[in-house]
Amino acid sequence: LLFSSLRFVLLHPRHLSYAGVLRPRWRHHLRDLANLAIKKRSRDPLDETHPTPYTDIMVNAVDQITMYGAYHRDPVNKFLHVIFVPSIVFSLFVIALCFPTAITVGGNHILLPMHPVGIIAAVITLTLSVLIEPFATLLLAGELYLFYLAAVHIVLTYGRDTALWFGIITQIVSWGAQFVGHGVFEKRKPALLSNLFQVFVAPLFVMLELLFMVGYRPALHADTTKSITAFVNKNFAKAKAAAKSH
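Since we're looking at a predicted model, the values are computed, not measured.

Caption draft 1: Looking closely at the overall build of the chain. What the chain contains, in helices and strands, is 9 helices and 2 strands. Residues classed as buried in the chain amount to 41% of the 246 residues present. Taking all contacts inside the chain whose residues are at least 6 apart in sequence as the whole, residues at least 24 apart take part in 71%. Summing over all exposed atoms, the chain offers an accessible surface of approximately 13900 Å²; the carbon and sulfur share of this is 70%.

This is the structure we're talking about:
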């Protein structure tokens, strides 16, 4: 993750205004350092035969949105994800809050309000998301905070056992709805089966989907739409033709 973050800043400074404070000479040396740390290769975002390694996940927003969007084109499947991706995140907070955990730091006992898995998942989600689209991540962070407050209310109001069952049932229903969306309507496997990190950045893509609907970053929306169409034509059309030939 550190290497990916460093490489994003160095190789794509135009996306981050603070990267401009680096003197060009130093940015050049650090770029060479990053390329030594991560073997640089030519990437084709439309090429599924050589999946993107996890250390090279952060390249640009178009690549990442293309991977997600190519597997979410059907309107019903999109709607199901807009509803049930947030419900997965919310119910994860509820479940995590049912298992407060005590940790020891420097001899001091600290009680975490939720299980560390929930905290780690939230940190990974926001870290990966901010490398793709900072403003949407800011809105996502606000959404996660509201989910956390609502989850706290549920646990305190209804008790641990009821809240835990609510969280588990919501997870089952939400994941089931998404697999129905892919299997019945999209007729295409979930994106997470091609790239596991899609699990963590799916909330960001849902947020971007909503932002695009209200006219946010039309140039990015147009570029990703074009890239998604090319991805589908190059990969899925060939796969269908090969399946028919057999």
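Caption draft 2: Seen up close, the side chain of T224. For T224, the position within the fold is in helix 9 (residues 218–245). Those residues in contact with T224 that lie beyond four places of it in its chain are V62, I65, T66 and F212.

Caption draft 3: Region of interest: helix 3 (residues 61–69). Taken across its 9 residues, helix 3 has 8 buried, putting it largely inside the fold. By the burial criterion, the buried members of helix 3 are A61, D63, Q64, I65, T66, M67, Y68 and G69.

Caption draft 4: Geometry of the packing of helix 6 (residues 134–158) against helix 7 (residues 160–186). The contact between helix 6 and helix 7 brings their axes to 6 Å, and the two run at 135°. Taken as axis vectors, helix 6 and helix 7 run oblique relative to one another. Of the residues in helix 7, those touching helix 6 at I154, V155 and Y158 are R160, T162, A163 and F166.

Caption draft 5: Inspection of the nonpolar core at higher detail. Ranked by internal contacts, the top residues of the largest apolar core, which has 36 residues, are I65, F93, F205 and L208. Elements represented by at least two residues in this core include exactly helix 3, helix 4 (75–97), helix 5 (116–132), helix 6, helix 7 and helix 8 (198–213). By residue number, the principal contributor to this core is helix 8, which donates 9 residues. Setting aside its immediate chain neighbours within four residues, I65 contacts F205, L208, F212, L220, T224 and I228. Counting residues in each nonpolar core, the second largest holds 8 residues, with M67, Y71, I228 and F231 among its members.

Caption draft 6: Fine view of the pairing of strand 2 (residues 108–112). Across 5 bridges, strand 1 (residues 101–105) lies against strand 2 in antiparallel orientation. Within the sheet, the bridge partner assigned to I103 lies in strand 2 and is I110. The turn linking strand 1 back onto strand 2 is made up of 2 residues, and G106 within it adopts a positive phi angle of 60°.

Caption draft 7: Structural view of a nonpolar patch on the surface. Together, W165, I168, I169, I172 and V173 make up a nonpolar patch on the protein surface, roughly 510 Å² of accessible area in all. If you trace the backbone, W165 turns up in helix 7. The class for W165 is exposed, based on a relative accessible area of 57%.

Caption draft 8: Representation of helix 7 within the structure. If you check helix 7, its first and last C-alpha atoms are 37 Å apart, about what 27 residues at 1.5 Å a residue would give, namely 39 Å. Every buried residue of helix 7 is accounted for by A163, L164, G167, T170, Q171, S174, A177, Q178, G181, H182 and E186. Once helix 7 finishes, K187 follows within two positions and takes phi at roughly 55°, a positive value.

Caption draft 9: Here's a closer look at the packing of helix 4 against helix 6. As a packed pair, helix 4 and helix 6 sit with axes 9 Å apart at the nearest point and diverge in direction by 50°. Compared by their axis directions, helix 4 and helix 6 come out oblique. As helix 4 packs across helix 6, the resulting crossing turns out to be right-handed. Across from P86, V89, F90, F93, V94 and L97 in helix 4, the residues of helix 6 making contact are L144, F147, Y148, A150, A151, V152, I154 and V155.

Caption draft 10: Molecular detail of the pattern of salt bridges. Per the stated rule, a full pass over the model turns up 4 salt bridges. Measuring nitrogen to oxygen at the nearest pair gives 3.6 Å for the salt bridge that ties K78 to E209. Of the two residues, K78 sits in helix 4 while E209 sits in helix 8, which places them 131 residues apart along the sequence. Measuring nitrogen to oxygen at the nearest pair gives 3.9 Å for the salt bridge that ties E186 to R188. Considered together, E186 and R188 belong to a single accessibility category, that of buried residues.

Caption draft 11: Examining unusual backbone geometry more closely. Here the phi dihedral of K187 falls at roughly 55°; this positive angle occurs in a residue that is not glycine. When you line up the elements, K187 lands in the loop between helix 7 and helix 8. Although it is not a glycine, R217 sits at a positive phi angle of roughly 40°. Topologically, R217 is positioned in the loop between helix 8 and helix 9.

Criteria and thresholds
Residues numbered from 1 in each chain as written. Predicted model: local features only at pLDDT ≥ 70, side-chain atom pairs only at ≥ 80, totals over all residues. Heavy atoms only, no water. Helix = DSSP H or I, 4+ residues; strand = E, 2+ residues; numbered from the N terminus. Buried < 20%, exposed > 50% of the residue type's maximum accessible area, 1.4 Å probe, protein only. Contact = heavy atoms within 4.5 Å. Areas by Shrake-Rupley, 256 points an atom, 1.4 Å probe, with all protein chains shown as cover. Axes fitted to C-alpha atoms, helices over the stretch in contact; angles between N-to-C directions. Parallel < 35°, antiparallel > 145°, perpendicular 65-115°, else oblique. Core = buried A, V, L, I, M, F, W, Y, C linked by side-chain atoms within 4.5 Å. Pairing = 2+ DSSP bridges. Patch = residues over 30% accessible without salt bridge, like charges linked within 9 Å, V, L, I, M, F, W, Y side chains within 5 Å. Salt bridge = Lys/Arg side-chain N within 4 Å of Asp/Glu carboxyl O. Expected span 1.5 Å × (residues − 1). Left-handed = near helix turned anticlockwise from the far one by under 90°.

The values reported here are purely geometric and, on their own, carry no functional implication.
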